[in-house]
Number of protein chains: 2
Amino acid sequence: MADILSGKEVAQALGEKLKGEVDQLKSRGIVPGLAIVIVGDRPDSMSYIKGAQKKCSEIGIDCRLVQLPEDLSEKEFVSKIHQLNEDRNVHGILVMRPLPAHISEDRVKYEISPLKDVDCFNPANIAKVMSGEEGGFAPCTPSAVMEILDHYGIELGGKRAVIVGRSMVVGRPLAMMMLRRNATLTICHTKTVDLAKETSRAEILVAAAGKARMIKKDMVGSGAVVIDVGINFDENGKMCGDVDFEAVKDVAGKITPVPGGVGSVTSTVLAKHVIRACRMLIDSEA
Amino acid sequence: MADILSGKEVAQALGEKLKGEVDQLKSRGIVPGLAIVIVGDRPDSMSYIKGAQKKCSEIGIDCRLVQLPEDLSEKEFVSKIHQLNEDRNVHGILVMRPLPAHISEDRVKYEISPLKDVDCFNPANIAKVMSGEEGGFAPCTPSAVMEILDHYGIELGGKRAVIVGRSMVVGRPLAMMMLRRNATLTICHTKTVDLAKETSRAEILVAAAGKARMIKKDMVGSGAVVIDVGINFDENGKMCGDVDFEAVKDVAGKITPVPGGVGSVTSTVLAKHVIRACRMLIDSEA
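Predicted, not measured: the structure shown is a model, and the values here were computed from it.

Conventions used here
- Within any chain, residue numbers begin from 1 and follow the written order of that chain's sequence.
- Chains and ligands are labelled sequentially in the order written, the chains with letters from A and the ligands with numbers from 1.
- Whole-chain, interface and lining totals are the exception, using all residues; otherwise, since this is a predicted model, local features are given only for residues with pLDDT of at least 70 and side-chain atom pairs are given and counted only at 80 or more.
- Side-chain metrics rest on all non-hydrogen atoms present in the structure, leaving aside hydrogens and water.
- Every helix listed is a DSSP run of H or I at least four residues long, and every strand listed is a run of E at least two residues long, numbered separately from the N terminus.
- Throughout, radius of gyration means the C-alpha value; the globule benchmark is 2.2 Å times the number of residues raised to the power 0.38.
- Only protein chains enter the accessibility calculation, which uses a 1.4 Å probe. A residue is then buried if its area is under 20% of the maximum for its type, exposed if over 50%, and partly exposed in between.
- Residue contacts are defined here by distance: any two heavy atoms, one from each residue, within 4.5 Å place the two residues in contact.
- In this description, accessible areas are obtained by the Shrake-Rupley approach with a 1.4 Å probe, and a residue is regarded as covered only by the protein chains that are shown.
- For the charge count, each Lys or Arg is scored as positive and each Asp or Glu as negative, with His and the chain ends excluded.
- Lysine's charge is taken at NZ, arginine's at CZ, aspartate's at CG and glutamate's at CD.
- UniProt positions are given in the numbering used here, feature names are shortened, and annotations may be inferred rather than shown by experiment.
- For each domain, the first and last residues come from an automatic or database assignment.
- The term buried area denotes the loss of accessible surface (1.4 Å probe radius) that occurs when two parts are joined, taken as the sum for both partners.
- Put simply, a salt bridge is a Lys or Arg side-chain nitrogen that is within 4 Å of an Asp or Glu carboxyl oxygen.
- Contacts described as polar in this section are N or O atom pairs within 3.5 Å, which, within protein, must combine one atom able to donate a hydrogen with one able to accept it, while residues neighboring in sequence count only if both atoms come from side chains.
- When residues are sorted by character, Ala, Val, Leu, Ile, Met, Phe, Trp, Tyr, Cys and Pro go into the nonpolar class, Asp, Glu, Lys and Arg into the charged class, and all the rest, Gly among them, into the polar class.
- Pairs of strands are assigned from DSSP output, requiring at least two bridges between the strands.
- An axis is simply a line fitted to the C-alpha atoms; with a helix, the fit covers only the stretch in contact. Between two such axes, the angle follows the N-to-C directions and lies from 0 to 180 degrees.
- Note on terminology: a nonpolar core comprises buried Ala, Val, Leu, Ile, Met, Phe, Trp, Tyr and Cys residues joined through side-chain atoms within 4.5 Å.
- Residues qualify for a patch when their relative accessible area is over 30% and they have no salt bridge, like charges being joined within 9 Å and the nonpolar side chains of Val, Leu, Ile, Met, Phe, Trp and Tyr within 5 Å.
- Fitting of the copies onto one another was done by least squares over C-alpha atoms, counting residues only where both copies have pLDDT of at least 70.
- Here the word oblique covers every angle except those under 35 degrees (roughly parallel), over 145 (roughly antiparallel) and from 65 to 115 (roughly perpendicular).

### Brief notes about the overall build of chain A
Counting secondary structure elements, chain A contains 10 helices and 11 strands. Computed over its C-alpha atoms, the radius of gyration of chain A comes to 19 Å, within 12% of the 19 Å expected for a compact globule of 286 residues. Each of the three principal axes of chain A carries a C-alpha extent, and together these read 55 × 45 × 35 Å. Residues classed as buried in chain A amount to 57% of the 286 residues present. Looking at chain A alone, contacts between residues at least 24 apart form 70% of all its contacts between residues at least 6 apart. Total accessible area computed for chain A in this model is approximately 12200 Å², and 50% of it derives from carbon and sulfur atoms. The averaged location of the 38 negative side-chain charges in chain A is 2 Å from the averaged location of its 37 positive side-chain charges.

### Describing the side chain of R201 of chain B
Relative to the assigned elements, R201 of chain B resides in the loop between α8 (195-200) and β7 (204-207). Contacts of R201 of chain B, omitting those with residues within four sequence positions, involve K197, E198 and R201 of chain A together with R160 of chain B.

### A word on the UniProt feature "domain: Tetrahydrofolate dehydrogenase/cyclohydrolase catalytic" (unreviewed entry) in chain A
In the numbering used here, UniProt assigns the "domain: Tetrahydrofolate dehydrogenase/cyclohydrolase catalytic" (unreviewed entry) feature to residues 5-119 of chain A. Secondary structure over residues 5-119 of chain A splits into 48% helix and 16% strand, and the C-alpha atoms at its two ends are 24 Å apart.

### Considerations on the domain arrangement of chain A
Per the domain assignment, the segments of chain A are domain 1 (29-112) and domain 2 (140-264). One C-alpha centre belongs to domain 1 of chain A, the other to domain 2 of chain A, and the line joining them spans 29 Å.

### Details of the interface of chain A and chain B
The partner chain B presents 36 residues to the 36 residues of chain A that form the contact. Of the roughly 3000 Å² buried between chain A and chain B, counting both surfaces, carbon and sulfur atoms make up 57%. Of all residues in chain A, the largest losses of buried area upon contact with chain B belong to M130, R172 and L179 of chain A, amounting jointly to 21% of the total for that side. Of the charged contacts, one joins R201 of chain A and E198 of chain B as a salt bridge, the two residues approaching to 3.0 Å between their closest N and O atoms. Our count for the chain A to chain B interface comes out at 17 residue pairs in polar contact (both at pLDDT 80 or more). Breaking the side of chain A that touches chain B down by element, the ones donating at least two residues are α5 (123-131), α7 (171-180), β6 (184-188) and α8 (195-200) of chain A. Of the residues contributing to the side of chain A that touches chain B, the split by class is 16 nonpolar, eight polar and 12 charged. Bridge count for β6 of chain A against strand β6 (residues 184-188) of chain B is three bridges, and the pairing is antiparallel. Bridge pairing in β6 of chain B links L185 of chain A to I187 of chain B.

### Here's the deal with the sheet that holds strand β1 (residues 3-4) of chain A
Spatial ordering of the open sheet is given by β1(A)-β11(A)-β8(A)-β7(A)-β5(A)-β6(A)-β6(B)-β5(B)-β7(B)-β8(B)-β11(B)-β1(B), a layout of 12 strands whose pairing is mixed. Each end of this open sheet is capped by a strand with a single partner; those strands are β1 of chain A together with β1 (3-4) of chain B. Pairing between strand β7 (residues 204-207) of chain A and strand β8 (residues 225-228) of chain A: four bridges, direction parallel. Within β8 of chain A, the position partnered with V206 of chain A by the bridge is I227 of chain A. Helix-sheet contacts for helix α7 (residues 171-180) of chain B involve β6 of chain A together with β5 (160-164), β6 and β7 of chain B, and the interaxial angle to β5 of chain B is about 170 degrees.

### Notes on the nonpolar core
Counting 122 residues, the largest nonpolar core has L34, M178 and I227 of chain A together with M178 of chain B as the members making the most contacts within it. Residues within four places of M178 of chain A in sequence aside, it is in contact with V145, M146, L149, L156, A161, I163, A183, L185, I204 and V206 of chain A.

### Things to note about a negative patch on the surface
The grouping of D41, E70, D71 and E76 of chain A at the surface amounts to a negative patch. Assessed through its relative accessible area of 44%, E76 of chain A is described here as partly exposed.

### Points about unusual backbone geometry
All names here are of chain B. In this structure, P98 follows R97 across a cis peptide bond, with omega equal to 0 degrees. For P98, the location among the structural elements is in the loop between β4 (92-95) and α4 (105-108). Across the junction of V258 and P259, the peptide omega takes the value 0 degrees, indicating a cis bond. Looking at where P259 falls in the secondary structure, it is placed in the loop between β11 (254-255) and α10 (266-285). Positioned with a positive phi, C120 is a non-glycine residue whose angle comes to about 60 degrees. Looking at the secondary structure, you find C120 in the loop between α4 and α5 (123-131). Given the relative accessible area of 7%, C120 is considered buried. With a phi angle near 75 degrees, N182 is a residue other than glycine that sits in the positive phi range. Note that N182 resides in the loop between α7 and β6.

### Thoughts on the relation of the copies chain A and chain B
For these two chains of identical sequence, chain A goes onto chain B by a turn of 180 degrees and a shift of 0.0 Å along the axis, with RMSD 0.0 Å. A rotation of that kind, with that shift, is consistent with a two-fold axis. Residue T186 of chain A, judged by its C-alpha, is the member of chain A lying nearest the rotation axis, at 2.0 Å.

### Some points on the sheet that holds β4 of chain B
Residues and elements named next belong to chain B. Strand order in this open sheet of three strands is β3-β2-β4, and the pairing throughout is parallel. Looking along the sheet, the strands with just one partner apiece sit at the ends: β3 (62-68) and β4. Here the strands of the sheet are splayed against their neighbours by 20 degrees on average, with no regard to which way each runs. For strand β2 (residues 33-39) and β3, the ladder comprises seven bridges, and the chain directions are parallel. Across the sheet, residue A35 finds its bridge partner in β3, namely R64.

### Here we look at the packing of helix α1 (residues 7-27) of chain B against helix α6 (residues 140-151) of chain B
Residues and elements named next belong to chain B. Where α1 contacts α6, the axes come no closer than 10 Å and their chain directions differ by 90 degrees. Accordingly, the angle class assigned to the pair α1 and α6 is roughly perpendicular. Of the residues in α6, those touching α1 at E9, V10, A13 and L14 are E147, I148 and H151.

### Quick notes on the pairing of β4 of chain B
Looking along a regular strand, one sees side chains alternate from face to face of the sheet. Residues and elements named next belong to chain B. Going residue by residue along β4, you find G92 and L94 tucked away on one face and I93 and V95 tucked away on the opposite face as well. Summarising the sheet, β2 and β4 pair through four bridges and their orientation is parallel. Pairing of I36 across the sheet is with L94, part of β4.

Here it is in structure tokens:
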């Protein structure tokens, strides 16, 4: 029976540390601020926003919701982003995606200040993730995976890490982040011929394919660390990950549950990024 | 005995195709132009430049050398780049690196127009390589690897590809490019524990570690495609790759030699990128 890697525990420990940092900043008269920008009111986005607002409030970050009408023009959207770039009380900007079709993500992503881009929307930050350059912001979900590994002291150096999934929000950036920590890294996906053969070799296996319970027991090596990034709902409407948890927990060495795993850490990572953006601003003015 | 994947053959075929395209453009009064910017006169850079100039001249591209004094300030350098961004006769800009220490690559890389950035200096293009977005420019060396694979009809989809080396000029961008073509991709490096075990599994093996003849016969699977990106000089001053060619050719299915392999294709890829930049400008004005 595998050890459980509890996202909740990681979020709590990190949250407490961050709260201490915010208290220190507040004693100097500085309140870290996050602006969450949403165009329209997609229910899944609104639900994520509620979680982020709650987490920010717990930690002491000023979280402002900038809700814009669905029929806003691209030009008006960009002008709003520029305004937030200039706003001295806003240290982090999170743009909820997808944007409506008439606003081109490929155009507007360049407009957000890289220094406030706490969820890696601007290509300048994507490039930093790829090159391993310091001072950028990686997307919150792969960063949450790294937080969990670090919290539990799981070393990556020289380990065979296998990531299933190659999205721009998880698989690819996480590959670059794990590579930077010296993992020998394999990326698998829907076109991989013998997936079980690849995943079975993993000392650290990350499931980020977005397919309910696709990672079965016979696909996991004995004692492997299994990180489940998936958030799916099964035929009974029950939330589940990309890993068949009940079966895989008998063979894995350590495993994250769903819910209570990676997803529990992302909003705390978002808060961490806002505080870092705030510090970067202070340092640049020192 | 492996089939030889001849970079010279690839360069010749591609060069002829490009020459045809340039002739067409010239018949419309358009001459594709490349500006190569060098600060100082590093001998290895000057030797690369000579090769690029020769190739451009064969294909019909107007190649201009912008040689700047070693003591040029960063501000003057940036202003020169801006001038080339605006120059309507310049479609591609290649900045020779490394730059002198007083010019920060991390600052100036943002200044080159992404539309003229034919060797992927600007993070906007690095991000496009990572996301697989069309319309950007990948670095010339990994692009040369892809040209060789394509020329010889070597399919990547579902294949196990292993890259040894994780540099920003070859390993990382090539990983993203091969991933986009649906390879199952592994990246190895100096911290990989059992390198031979990983490389032996490769159906397509790319050596980009920069270490003379480090890939030995027992590290290569029977029938594998072996692409050697290394350019090294052995103890006798003889040019050699990262692969022990004489031994590995007996086990590999196909193999690139050094010299006459990947290195023979890069300047032709540079020309290809200049012509594409030229077409992009025409299309944007159409």
